[in-house]
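Descriptive analysis of the structure
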Amino acid sequence: MNKIFYYIRHPQLILLRVLAKFGFEKRHRAGFFGLLCKFDLPHSTCVFQVGASYGQELDYFNYSGVETCICFEPIPSVFEELSKKTKLYGWTAFNKALGSKKGLDKFYLASNQGISASLLKPGTVTVTYPHITFNDFIDVEVDVGSEYVRRFASAMVVGTNPVLYLDTQGYELEVLKGFADELDSFSYVYTEVGYGIGYEGAVSINKLCTFLFNRGFELLDLTLWGRSGEGDALFAKNTLIAGR
């Protein structure tokens, strides 16, 4: 009955589910909700987006029925635009990076409006994508995600199936470590992945899979689309897919 009521409130999800069943779900960075439909998984209404950039995916989140969205973006000028957009939906944004420990760190700025910017020093990304340059850096505040899970615990109740949505240019493992035991509060992790060569010290797909497997998450989908092995991966809590 709860599922029926939810589809009445968000009829666009019926179309997503139908398209997913026939293999027509969008294969881009915002394909998370299409994958939930494809695998017939519980819908998510709570998003923690780390590396939210200008908020390019917020419209998609809203259209897909997200009720709570907490965004993180460390570049001040980019954050200004993100903050304006989150306010339109009554959501929240923080001008911070997330990692495994608190402090100030060097953040390498990218020429493509900051989309490829990272806490990690650029590696082969400058060879694979020569049009992207990294000529400057800023110091940014790095925080740990566990504090924000506790802060927004009331929005992450049973039934919201929160997703940790990551796009941090190889820094994903450090972000995950910063959530510590609070990582258990998430039903899904949807993250950009790679071979671990684009940036110095970037995590590889294998290491990321191992870490999340040991934390009770299983890999359900992996889509590689980049020139050097970049892609997106969906992990789900094993308790959600047990017996499937």
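Look above for the structure.
Parameters and conventions
- Residues numbered from 1 in each chain as written.
- Predicted model: local features only at pLDDT ≥ 70, side-chain atom pairs only at ≥ 80, totals over all residues.
- Heavy atoms only, no water.
- Helix = DSSP H or I, 4+ residues; strand = E, 2+ residues; numbered from the N terminus.
- Polar contact = N/O pair within 3.5 Å; in protein donor to acceptor, adjacent residues only side chain to side chain.
- Contact = heavy atoms within 4.5 Å.
- Patch = residues over 30% accessible without salt bridge, like charges linked within 9 Å, V, L, I, M, F, W, Y side chains within 5 Å.
- Areas by Shrake-Rupley, 256 points an atom, 1.4 Å probe, with all protein chains shown as cover.
- Salt bridge = Lys/Arg side-chain N within 4 Å of Asp/Glu carboxyl O.
- Buried < 20%, exposed > 50% of the residue type's maximum accessible area, 1.4 Å probe, protein only.
- Expected span 1.5 Å × (residues − 1).
- Arc of directions from axis to C-beta.
- Pairing = 2+ DSSP bridges.
- Axes fitted to C-alpha atoms, helices over the stretch in contact; angles between N-to-C directions.
- Disulfide = S-S within 2.5 Å.
- Core = buried A, V, L, I, M, F, W, Y, C linked by side-chain atoms within 4.5 Å.

1. Side note on the side chain of Ser 118
Counting through the fold element by element, Ser 118 comes out in the loop between β5 (103-109) and α6 (125-128). There is a polar contact of 3.3 Å between the side chain of Ser 118 and the backbone oxygen of Gln 169. Ignoring anything within four residues of it in the chain, the contact list for Ser 118 reads Lys 106, Phe 107, Tyr 108, Thr 168, Gln 169 and Tyr 199.

2. Regarding a nonpolar patch on the surface
Together, Tyr 195, Ile 197, Leu 219, Leu 222 and Leu 224 make up an exposed nonpolar region whose accessible area comes to about 450 Å². Tracing the backbone through its elements, the reader meets Tyr 195 in the loop between β8 (188-193) and α9 (205-214).

3. Points about the side chain of Glu 230
Checked against the element boundaries, Glu 230 lands in the loop between β9 (217-224) and β10 (231-237). By relative accessible area, which is 16% here, Glu 230 ends up buried. Separated by 2.9 Å, the side chains of Glu 230 and Tyr 129 make a polar contact. With sequence-adjacent residues up to four places away left out, Glu 230 is seen in contact with Tyr 129, Val 193, Gly 194, Thr 223, Leu 224 and Trp 225.

4. Brief notes about helix α5 (residues 76-89)
Under the 1.5 Å per step criterion, the end-to-end length of α5 is 20 Å for 14 residues, consistent within 8% with the ideal 20 Å. Val 78, Phe 79, Leu 82, Ser 83 and Thr 86 are the residues of α5 that are buried. The buried side chains of α5 occupy one side of the element, clustering within an arc of 135 degrees when seen end-on. In this structure, α5 carries Lys 84, Lys 87 and Leu 88 as exposed residues pointing more than 90 degrees from its buried face. On its buried face, α5 is in contact with α4 (58-63), β2 (68-72) and β3 (92-94). Gly 90 sits one or two positions beyond α5 and adopts a positive phi of about 75 degrees.

5. Regarding the sheet that holds β9
Taken in spatial order, the seven strands of this open sheet run β3-β2-β1-β7-β8-β10-β9, and their pairing is mixed. Both outer strands of the open sheet, β3 and β9, are each paired with one neighbouring strand and no more. Within the sheet, the average angular offset between the axes of one strand and its neighbour, ignoring direction, is 15 degrees. In the packing of α5 onto the sheet, contacts are made with β2 and β3, and the angle to β3 comes to roughly 165 degrees. Running at roughly 150 degrees to strand β7 (residues 163-166), helix α8 (residues 172-179) makes contact with β1 (46-50), β7 and β8 of the sheet.

6. Quick word on α8
For α8, the tally of buried residues reaches six of eight residues, placing the bulk of the element in the interior. All of the buried residues along α8 are Glu 172, Leu 173, Val 175, Leu 176, Gly 178 and Phe 179. Buried residues in α8 make contact with β1, β4 (97-98), α7 (146-151), β7, β8 and α9. One or two positions beyond α8, positive phi appears at Ala 180, with a value near 45 degrees.

7. Things to note about the state of the cysteines
Among covalent bonds in proteins, the disulfide is the one between the sulfur atoms of two cysteines. If you walk through the whole model with that rule in mind, you get zero disulfides. Of all cysteine sulfurs, the one in Cys 71 lies closest to Cys 69, which takes part in no disulfide; the gap is 3.5 Å.

8. A short note on the nonpolar core
Phe 48, Leu 164, Leu 176, Phe 179, Leu 183, Phe 186 and Leu 212 are the most contacted members of the largest nonpolar core, which has 47 residues in total. In this structure, Leu 164 is in contact with Phe 48, Val 50, Leu 176, Phe 179, Leu 183, Phe 186, Tyr 188, Val 189 and Tyr 190, ignoring residues within four places of it in sequence. Core analysis: the next-biggest nonpolar cluster, separate from the first, contains 24 residues, Ala 52, Tyr 60, Cys 69 and Cys 71 among them.

9. Describing the sheet that holds strand β6 (residues 136-143)
Strand order across the open sheet formed by three strands is β4-β6-β5, with mixed pairing between neighbours. The open sheet has two free edges, formed respectively by β4 and β5, since each of these has just one partner strand. Of the strand pairs in this sheet, β4 and β6 are connected by two bridges, and their pairing is parallel. When the sheet's bridge partners are listed, Ala 97 is paired in β6 with Val 142.

10. Some points on the environment of Val 149
Considering the arrangement of structural elements, one finds Val 149 in helix α7. Along the chain, Val 149 and Glu 182 lie 33 residues apart, while their C-alpha atoms are 6.6 Å from each other. In this structure Val 149 touches Phe 48, Met 156, Phe 179, Glu 182, Ser 185 and Phe 186, once residues within four positions along its chain are discounted.

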